[in-house]
Amino acid sequence: MDIVSAKYQNTAYQTGEPVITISKLKKQFGKNKVLDEFDLTLHKGESIVVLGRSGAGKSVLIKCVIGLMQADSGIIDVLGKDITTFNHHELDKMRMRVGFLFQSNALYDSMTIRENLEFPMRRHLTNISAKESEERIIEALTNVGLAHTVDMMPAELSGGMQKRIALARTLILKPEIILYDEPTTGLDPITGKEISTLIVEIQEKYQTSSIIISHDMKCVKTTADRVAVLLNGKCHAIDTYDMLEKSEDTLVKQFFE
Amino acid sequence: MKIPGPGEEFLNETGAIARFTGSFVRETVSPRYEIKEFIRQCYLIGYKSLPLIGLTGFIMGLVLTMQLRPTMISYGVEAKLPAMVSLSIVREIGPVISALIFAGKIGSSIGAQLGSMRVTEQIDAMDVSGTNPMKFLVVTRVLAATLMLPILSILSDTISLYGSFLGVNIRSHMSVHLFINQVFSILNFTDILPSIIKTFFFGFAIGIVGCYKGYYSKNGTEGVGHSANSAVVLSSVIVFILDLLAVQITDLLGYN
Ligand SMILES: Nc1ncnc2c1ncn2[C@@H]1O[C@H](COP(=O)(O)OP(=O)(O)OP(=O)(O)O)[C@@H](O)[C@H]1O
Ligand SMILES: [Mg+2]
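Scoring rules and cut-offs
Residues numbered from 1 in each chain as written. Chains lettered and ligands numbered in written order. Predicted model: local features only at pLDDT ≥ 70, side-chain atom pairs only at ≥ 80, totals over all residues. Heavy atoms only, no water. Helix = DSSP H or I, 4+ residues; strand = E, 2+ residues; numbered from the N terminus. Contact = heavy atoms within 4.5 Å. Donors = N, O, S within 2.8 Å, 3.2 Å for Na, K, Ca; no water. Buried < 20%, exposed > 50% of the residue type's maximum accessible area, 1.4 Å probe, protein only. Near = heavy atom within 4 Å. Polar contact = N/O pair within 3.5 Å; in protein donor to acceptor, adjacent residues only side chain to side chain. Areas by Shrake-Rupley, 256 points an atom, 1.4 Å probe, with all protein chains shown as cover. Nonpolar A, V, L, I, M, F, W, Y, C, P; charged D, E, K, R; others polar. Axes fitted to C-alpha atoms, helices over the stretch in contact; angles between N-to-C directions. Left-handed = near helix turned anticlockwise from the far one by under 90°. Core = buried A, V, L, I, M, F, W, Y, C linked by side-chain atoms within 4.5 Å. Domains from an automatic or database assignment. Disulfide = S-S within 2.5 Å. Buried area = accessible area lost by both parts, 1.4 Å probe.

### Describing unusual backbone geometry
Phase 1: In the segment running from Pro31(B) into Arg32(B), the intervening peptide bond is cis, with an omega of 5 degrees.
Phase 2: Examined against the element boundaries, Arg32(B) turns out to sit in the loop between helix H1 (5-29) and helix H2 (35-74).
Phase 3: We note that Ala106(A) has phi near 60 degrees; this positive angle belongs to a residue other than glycine.
Phase 4: Checked against the element boundaries, Ala106(A) lands in the loop between strand S6 (98-101) and helix H4 (113-124).

What follows is the structure, encoded as structure tokens:
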């Protein structure tokens, strides 16, 4: 870490206990070293935005955290346990507590919105009653303001609405941590702002911690307690938005121009 | 030793499909069993291809009969027409034509479906939703294809024989009773059983190739088209290769 600052707006960083600790994470594809000794600590109630150029390995980073990709080496401690050694069953248990919002939404296009939301619930909470399942679906959809779409197909919705449904599907298990992969990319500025606000609202309502990946500086400013810059596979800098904006480091500066 | 480009690619692909089949077997035997989804896939896969396979079967039976007829007459064995046709249908044409239609219809749709689920991250989304996509998507489809093709093929044989019966009756008259007698005077258990057994293998090959191509789809939407296409091509070729193996085996066992 090149830049250290003692002053943070959100004190979660100082008071919260760590929920995700990534240390010396390495991942390479063939000769392409994507992550090279990456370190990051996320605290309870905190949201960290990871900035980085396209292809820097941001998606790879959070896919390693959720266990969709296997890290080559390093430790990824999620809620007190190192997930790099987990088997499928242990991963499933961890994934009940950690939500993931996909860059491409990943809504099941052959299912209605209701079935999309039901899917993770049916799978993770096998003995949930039909009534509770329906209540949770409506609650999650209401949170994103789309309760009326429950019987529609994903293809009938706009990109921004699909993103919100995907967010509702992530919320349905009430995760303690949410990983967002570019939540505002591909949306118009107004919709992008809505999604950013929604993320902050959810954060406050459910006290979740989150890692958010984004290039959209408006989204970064709205959602970030701290910003981490991913460069050459390492965490090049981590600090509050305001402090990084004032940074003299040319590599950091380019993101804020 | 260095293997030239296309050869290396072929071997790599073969190895990858073998590994994929290995993990299919592991996931099939270990619990949790996706029974509901399996039944749904059986319905979709079987039902979707029934009309097409039925129609082609009917036409094959009819055409084959009409074309063979003059030859049979010239040899003076017109009475043997039903026997001749039914033998070729049950032993070869029924299973192979059904398998090829099945490859075109089901192999491509599995390839395209899983391919688009892969590139839009739906497969990863299942994984994080507590569902093993290998079990939920692959095992169910491959088993359904393996089970449905033999059933479709038997139906197709039956419809084909009906087509043949009509073909016989266009130019002459033969009662249903006599036709059936003729057919079963030549068809043995050793004709029917091997041909049913081979369709299980055809169905399995089509299912596994379609799933493999889709599951490892790359390069966005363009890759999806490629997956669907190569699933059909590869599984059709495999059907012929398996057919060749099957005839060798029945030959060795003395069933030909
Ligand atoms: N499955 C894979 N196989 C091989 N290489 C991969 C794979 N996934 C990612 N990569 C490589 O890893 C690097 C980082 O990819 P990643 O998707 O994490 O980028 P990103 O930072 O999320 O970019 P973007 O902002 O465009 O989404 C890229 O160079 C990519 O080619
Ligand atoms: Mg990405």
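Following the structure, the description resumes.
### A few points about the environment of Asp157(B)
Residues and elements named next belong to chain B.
Phase 1: Within the secondary structure layout, Asp-157 lies in helix H5 (residues 133-171).
Phase 2: Remark: the alpha-carbon pair of Asp-157 and Gly-94, spanning 63 residues in sequence, is separated by 5.4 Å.
Phase 3: Apart from the residues within four sequence positions on either side, Asp-157 is in contact with Ile-89, Val-90, Gly-94 and Pro-95.

### A few points about the coordination of the magnesium ion (ligand 2)
Phase 1: At the metal site, the magnesium ion (ligand 2) is ligated by Ser59(A) (OG) and Gln103(A) (OE1), and these contacts range over 1.9 to 2.5 Å. One end of the pair, Ser59(A), is in helix H2 (residues 58-66); the other, Gln103(A), is in the loop between S6 and H4, with 44 residues separating them in the sequence.

### Quick notes on H4(A)
Phase 1: Most of H4(A) is tucked away, with nine of its twelve residues classed as buried.
Phase 2: If you check which residues of H4(A) are buried, you get Ile113(A), Asn116(A), Leu117(A), Glu118(A), Phe119(A), Pro120(A), Met121(A), Arg123(A) and His124(A).
Phase 3: On its buried face, H4(A) sits against helix H3 (88-97), helix H5 (130-143) and helix H6 (159-171) of chain A together with helix H4 (122-128) and H5 of chain B.

### Points about the site of ligand 1
Residue and element names in this part refer to chain A.
Phase 1: With respect to spatial proximity, 15 residues lie near ligand 1, and among them Ser-54, Gly-55, Lys-58, Ser-59 and Glu-182 are the closest.
Phase 2: Asn-32 is positioned with one of its side-chain polar atoms (N or O) 3.3 Å from an oxygen atom of ligand 1.
Phase 3: Within the side chain of Ser-54, a nitrogen or oxygen atom sits 2.5 Å from an oxygen atom of ligand 1.
Phase 4: Starting from 630 Å² of accessible surface for ligand 1 in isolation, the protein chains cover 61%.
Phase 5: Elements that contribute at least two residues to the shell around ligand 1 include exactly strand S2 (32-43) and H2.
Phase 6: Ranked by the residues each element gives to the shell around ligand 1, the list is headed by H2, at three residues.
Phase 7: For the shell around ligand 1, the residue count by class is five nonpolar, seven polar and three charged.

### Focus on the packing of H5(B) against helix H7 (residues 189-215) of chain B
Residue and element names in this part refer to chain B.
Phase 1: Remark: H5 packs on H7, axes separated minimally by 8 Å, with the N-to-C direction vectors making an angle of 150 degrees. Our pair here, H5 against H7, has a crossing hand that is right-handed. Only Ile-196, Thr-199, Phe-200, Phe-202, Gly-203, Phe-204, Ile-206, Gly-207, Ile-208, Cys-211 and Tyr-215 of H7 make contact with H5, whose side of the interface consists of Pro-133, Met-134, Val-138, Arg-141, Val-142, Ala-145, Thr-146, Leu-147, Leu-149, Pro-150, Ser-153 and Ile-154.
Phase 2: In terms of residue class, the contact of H5 with H7 is built from 17 nonpolar, five polar and one charged.

### A closer look at the nonpolar core
Phase 1: If you look at the biggest cluster of nonpolar residues, it comprises 80 residues, and the most contacted ones within it are Ile20(A) and Leu179(A).
Phase 2: At eleven residues, the largest contribution of residues to this core is made by H5(B).
Phase 3: Two domains each provide a minimum of three residues to this core, namely domain 1 (3-97 + 177-253) and domain 2 (106-174) of chain A.
Phase 4: Not counting residues up to four positions away in its chain, the partners in contact with Leu179(A) are Ile20(A), Ile62(A), Val65(A), Ile66(A), Val98(A), Gly99(A), Phe100(A), Leu101(A) and Ile211(A).
Phase 5: The next biggest cluster of nonpolar side chains, apart from the first, holds 42 residues, and it includes Leu101(A), Leu187(A), Leu198(A) and Ala237(A).

### Brief notes about the state of the cysteines
All names here are of chain B.
Phase 1: Summed over all chains, the structure comprises zero disulfides over all chains.
Phase 2: Free cysteine: Cys-211, not disulfide-bonded; nearest cysteine sulfur from Cys-42 at 13 Å.
Phase 3: Accessibility expressed as a relative area gives 0% for Cys-211, which makes it buried.

### Overview of the domain arrangement of chain A
Residue and element names in this part refer to chain A.
Phase 1: As far as domains go, chain A holds domain 1 (3-97 + 177-253) and domain 2 (106-174).
Phase 2: The distance between the C-alpha centroids of domain 1 and domain 2 comes to 25 Å.
Phase 3: Opposite the 15 residues of domain 1 that make contact, domain 2 presents 14 residues.
Phase 4: Between domain 1 and domain 2, a total of about 1200 Å² is buried, with carbon and sulfur atoms accounting for 71% of that surface.
Phase 5: For the domain 1 face of the interface with domain 2, the top three residues by lost area are Met-96, Leu-198 and Tyr-206, together amounting to 41%.

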